[in-house]
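Topology and contacts: notes
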Amino acid sequence: PYSYDWIDNLGRQSPRELRGLPSPSVGERFSTSAGRPLGRVVDVEPGVSLTATIMGVHMSYLLVAIGDSKTRLLLKVVADKSRFYDAPLVLGDLVMARKQLLNLKRLAESTAN
């Protein structure tokens with residue numbers, strides 16, 4: 001959720017608030033697209049980081065404290081350069097990830113106030 005609903009959620013609207021979800025575990029499904037489960041969680045450090053693999057690409061989300069009252073959410077995407085034919089998928093996913101991160105930022109800042 002929190003990305004482009006018409007692509008990821010078959011047009012169903014993503015939540016418009018942050019949802020308290022159970023902590024992910026290694027081996028669990030990472031995502032769903034067009035109703036199909038995709039990817040797996042490969043590493044979790046609760047409250048700090050999450051790494052998952054999806055379609056041969058690894059994605060790591062990392063929370064970094066900035067002072068006492070701010071946190072930055074970073075995303076690192078690693079793809080095997082020998083799989084050049086996947087480049088359009090990776091680039092498309094970066095567009096989706098940007099939208100997801102911007103929505104999470106907006107929702108987190110609106111609940112912090």
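Computed from a prediction, not measured in an experiment: that's the story for all the values here.

**Quick word on the packing of aromatic side chains**
One pass over the structure, following the stated rule, counts one aromatic pair. Centre to centre, the rings of Phe30 and Tyr61 are 6.4 Å apart; their planes meet at 45°, and the pair counts as tilted. Residue Phe30 is located in strand β1 (residues 29-33), and its partner Tyr61 is located in strand β4 (residues 57-66); the two are separated by 31 residues in the primary sequence.

**Examining the pairing of strand β3 (residues 49-54)**
Counting buried positions along β3 yields five of six residues, so the element is predominantly enclosed. Pairing of strand β2 (residues 36-45) with β3, which is carried by five bridges, proceeds in the antiparallel orientation. Each residue of the ladder has a partner; that of Val41, found in β3, is Ala52. If you look at the hairpin formed by β2 and β3, you'll find three residues sitting between the two strands, and Gly47 has a positive phi there, around 75°. Pairing between β3 and β4: six bridges, direction antiparallel. Paired with Ser49 across the two strands is Leu62, which belongs to β4. The hairpin formed by β3 and β4 contains two residues between the paired strands, and Met55 there has a positive phi angle of roughly 50°.

**Here's the deal with the pattern of salt bridges**
Going through the model one piece at a time under the given rule, you end up with one salt bridge. Between Lys105 and Glu109 there is a salt bridge, and its shortest N-O distance comes to 3.1 Å. Remark: Glu109 and Lys105 occur in helix α2 (residues 87-112); sequence separation between them is four residues, near one turn of the helix. Under the relative-accessibility criterion, Lys105 is labelled partly exposed at 46%.

**Let's talk about the confidence of the model for the protein**
Mean pLDDT over the protein stands at 79; residues scoring 70 or higher make up 75%. Per-element confidence in the protein is highest for β3, whose mean pLDDT is 92, and lowest for helix α1 (residues 5-8), whose mean pLDDT is 60.

Rules and cut-offs
Residues numbered from 1 in each chain as written. Predicted model: local features only at pLDDT ≥ 70, side-chain atom pairs only at ≥ 80, totals over all residues. Heavy atoms only, no water. Phe/Tyr/Trp six-rings, centres within 6.5 Å; stacked < 30°, edge-to-face > 60°. Helix = DSSP H or I, 4+ residues; strand = E, 2+ residues; numbered from the N terminus. Buried < 20%, exposed > 50% of the residue type's maximum accessible area, 1.4 Å probe, protein only. Pairing = 2+ DSSP bridges. Salt bridge = Lys/Arg side-chain N within 4 Å of Asp/Glu carboxyl O. pLDDT = per-residue confidence, 0-100.

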